[in-house]
Amino acid sequence: MAARSLLLIRGGCVVNDDSSQEADVLVEDGVVQAVGRHVLPPGDAPAGLRVLDAAGKLVLPGGIDTHTHMQFPFMGSRSVDDFHLGTKAALAGGTTMIMDFAIPHKGHSLIEAFDTWRSWADPKVCCDYSLHVAVTWWSDQVKEEMKILTQDKGVNSFKMFMAYKDVYMVRDEIGAIAQVHAENGDLVAEGAKKMLALGITGPEGHELSRPEAVEAEATLRAVTIASAVNCPLYVVHVMSKSAAKVVADARRDGKVVYGEPIAAGLGTDGTHHWDKEWLHAAHHVMGPPLRPDPSTPDFLMNLLANDDLTTTGSDNCTFNSCQKALGKDDFTKIPNGVNGVEDRMSIIWEKGVHSGKMDENRFVAVTSTNAAKIFNLYPRKGRIAVGSDADIVIWDPKATRTISAKTHHQAVNFNIFEGMVCHGVPVVTISRGKVAYEAGVFSVSAGDGKFIPRKPFAEYVYKRIKQRDQVSLGLQGLDCHVLLDVGAGIITY
Ligand code: URP
Ligand code: ZN
Ligand code: ZN
Ligand code: ZN
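For clarity, every value in this text was computed on a predicted model and none was experimentally measured. (Residues numbered from 1 in each chain as written. Chains lettered and ligands numbered in written order. Predicted model: local features only at pLDDT ≥ 70, side-chain atom pairs only at ≥ 80, totals over all residues.)

Observations regarding the overall build of the protein
(1) Moving on: Each helix and strand counted, the protein has 15 helices and 18 strands in total.
(2) Moving on: Computed over the C-alpha atoms, the radius of gyration of the protein is 22 Å, within 12% of the 23 Å expected from 2.2 N^0.38 for a compact globule of 493 residues.
(3) Moving on: With respect to the principal axes defined by its C-alpha atoms, the protein has extents near 75 × 55 × 40 Å.
(4) Moving on: Within the span of the protein, comprising 493 residues, buried residues form 57% of the whole. (Helix = DSSP H or I, 4+ residues; strand = E, 2+ residues; numbered from the N terminus. Rg over C-alpha atoms; globule rule 2.2 N^0.38 Å. Buried ≥ 20, exposed ≤ 12 C-beta atoms within 10 Å, placed from the backbone.)

Printed below as a string of structure tokens:
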């Protein structure tokens, strides 16, 4: 019989989204057994007990990164952070779960894509993970597969792209909200043609060809369609003030809509597209673009602090300089994507908590708990309480670290937050009850993380949706409603 694994985190301040308390945390075999004072009788030190001193530190639920693309085959390249290095880097930054995207090619099976991503991730992940699945085309087969994915495979979120014309983009007529991520793909394609015709071929052309209005228009369209068919909506990578305002207004109008800003959009801006060093500029290219208005990160952080925006991801999708160079003469060929999986927690602490915009409880809400609630992982994840998974970070709010590609744990050779000094340092990261990272040293192996299935109909989202379905007629005829019929927890754009 395997020996019990016992861990005691002593003397810290346990922070959940709704309260903070001075307490010890006792963990047994990966699960929290007790939270409070004197969780072990005086003098009782069971064999094999490991004690971690958390005096003067915060004890937080591990971060949940709602949006990553590890080893993603995209735009003629493959993102360089794979499920092994990417999840190690996540742990080093205090994130204990990532949610990645299985993305089928047009006309291909969603289930096949899901199985492919699992075959990539399962042997490699160092922390827990889950998968959203993208809907890149529409047919009765897709509809049937969505049903199977939600009922049997643990998927309760589907991403639809409103951009990437002719690649992933889905058109309005194939199923209500079933369109692509929140950018108007036709305008993106037209804008790119226009820039190239004007002779603008550099990275700055990327943002110029798809300005804020292109994102805001698509966001409003998605919100309008989703609400017309009483479908919960989750807008990924909200990058602009205009799109964030659309989400905030929709929430104030009572719509069941969630917005996810990402580390990049909260921590830096699109002025870098104009850097005189081409590679520096190209490393900031992602879609929707970082915005050149330098007040955007602050604006997004304020909305996040005040519950207009709800969760945070990183959209970690990293390409090395040689891959970015594919677009040397044409910005439309620069593989889109930036880093963030390692630095998301520190960026949000620095720009959100250290700046005074949010308290430590809101920090936990936006980095972990809200994601767990929306994607139906709560309270197993996103909370430190008896019975929860022991995914825990001992966080030093006073310590600082300087972000650099030279010292980060990611595979990519560039860091968009280079040189940034951040308060808030993860001292110890505990994954599934085991110390996985401590003071710069990893003790994890590939495959230590597990796939976490998610059930449909998360109460946090669906209590209101179901009640609205009962009391109003709804638009049952629209194809979009299939997403409710199959019990898809939420639709992500
Ligand atoms: O530029 C980005 N965001 N790359 C990843 C793909 C996506 O649209 O999320
Ligand atoms: Zn996207
Ligand atoms: Zn720069
Ligand atoms: Zn993405």
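Quick notes on the packing of helix H6 (residues 212-228) against helix H7 (residues 241-252)
(1) Moving on: Viewed as axis vectors pointing N to C, H6 and H7 meet at an angle of 20°, and their least axial separation amounts to 7 Å. Compared by their axis directions, H6 and H7 come out roughly parallel. For the pair H6 and H7, the crossing hand works out as right-handed. Here H6 contributes Glu212, Ala213, Glu215, Ala216, Thr219, Leu220 and Val223 to the contact with H7, which in turn contributes Lys241, Ser242, Ala243, Val246, Val247 and Ala250.
(2) Moving on: Of the residues assigned to the contact of H6 with H7, the class counts are 8 nonpolar, 2 polar and 3 charged. (Axes fitted to C-alpha atoms, helices over the stretch in contact; angles between N-to-C directions. Parallel < 35°, antiparallel > 145°, perpendicular 65-115°, else oblique. Left-handed = near helix turned anticlockwise from the far one by under 90°. Contact = placed C-beta atoms within 7 Å. Nonpolar A, V, L, I, M, F, W, Y, C, P; charged D, E, K, R; others polar.)

Here we look at the site of ligand 1
(1) Moving on: Near ligand 1 you find His69, His181, His237, Met286, Gly287, Asp315, Cys317, Asn336 and Gly337, and these make up its full shell.
(2) Moving on: Looking at the shell around ligand 1, its residues break down into 2 nonpolar, 6 polar and 1 charged. (Near = placed C-beta within 6 Å.)

Focus on the UniProt feature "modified residue: N6-carboxylysine" (unreviewed entry) in the protein
(1) Moving on: The feature "modified residue: N6-carboxylysine" (unreviewed entry), as annotated in UniProt, sits at Lys159 in this numbering.
(2) Moving on: Of note, Lys159 is situated in strand S11 (residues 157-160).
(3) Moving on: Accessibility expressed as a C-beta count within 10 Å gives 21 for Lys159, which makes it buried. (UniProt positions renumbered as here; feature names shortened; annotations may be inferred.)

Description of unusual backbone geometry
(1) Moving on: A cis amide bond, omega -10°, links Gly287 with the succeeding residue Pro288.
(2) Moving on: Here Pro288 is to be found in the loop between helix H9 (278-282) and helix H10 (296-305).
(3) Moving on: Residue Pro379 follows Tyr378 across a cis peptide bond; omega there is 0°.
(4) Moving on: Counting through the fold element by element, Pro379 comes out in the loop between helix H13 (360-374) and strand S14 (392-402).
(5) Moving on: Residue His237 is not a glycine yet carries a positive backbone phi of 30°.
(6) Moving on: The residue Asp315 is not glycine, and still its phi comes out positive at about 55°.
(7) Moving on: Its place among the elements puts Asp315 in the loop between H10 and helix H11 (321-324).
(8) Moving on: C-beta crowding within 10 Å serves as the criterion here: with 29 such atoms nearby, Asp315 is assigned to the buried category.

Focus: the packing of helix H2 (residues 110-121) against helix H3 (residues 140-152)
(1) Moving on: Two numbers describe how H2 lies on H3: the axes approach to 8 Å, and their chain directions differ by 40°. Judged on the interaxial angle alone, H3 and H2 are oblique. Of the residues in H3, those in contact with Leu110, Ile111 and Phe114 of H2 are Val142, Glu145, Met146, Ile148 and Leu149.
(2) Moving on: Among the residues forming the contact of H2 with H3, the class breakdown is 7 nonpolar, no polar and 1 charged.

Describing the environment of Met75
(1) Moving on: Tracing the backbone through its elements, the reader meets Met75 in the loop between strand S7 (73-74) and strand S8 (77-78).
(2) Moving on: On the basis of neighbour counts, which here come to 21 C-beta atoms within 10 Å, the residue Met75 falls in the buried class.
(3) Moving on: Residues Met75 and Gly185, spaced 110 residues apart in sequence, show a C-alpha to C-alpha distance of 16 Å.
(4) Moving on: Other than its neighbours up to four places away in sequence, Met75 contacts Pro335 and Asn336.

A look at the pairing of strand S9 (residues 95-102)
(1) Moving on: For S9, a buried count of 8 out of 8 residues is recorded, marking the element as mostly surrounded by other parts of the structure.
(2) Moving on: Relative to S9, strand S6 (residues 63-68) is paired through 4 bridges, and the arrangement is parallel. Residue Ile64 lies in a different strand from S9, and its bridge partner there is Met97.
(3) Moving on: Pairing between S9 and strand S10 (residues 128-135): 6 bridges, direction parallel. Among the inter-strand pairings, Ile98 is bridged to a residue of S10, identified as Tyr129. (Pairing = 2+ DSSP bridges.)

Quick notes on the pairing of strand S1 (residues 6-15)
(1) Moving on: Where S1 and strand S4 (residues 49-53) come together, 5 bridges link them in parallel fashion. For Ile9, the partnering residue across the bridge sits in S4 and is Leu52.
(2) Moving on: In the sheet, S1 pairs with strand S2 (residues 20-28) via 8 bridges, with the strands oriented antiparallel. Looking across to S2, one finds that Cys13 is bridged to Glu22.

A word on the environment of Leu233
(1) Moving on: Turning to its location among the elements, Leu233 is positioned in strand S12 (residues 233-235).
(2) Moving on: Take Leu233: there are 25 C-beta atoms within 10 Å of it, and that puts it in the buried class.
(3) Moving on: Separated by 164 residues in sequence, Leu233 and Pro397 place their C-alpha atoms 34 Å apart.

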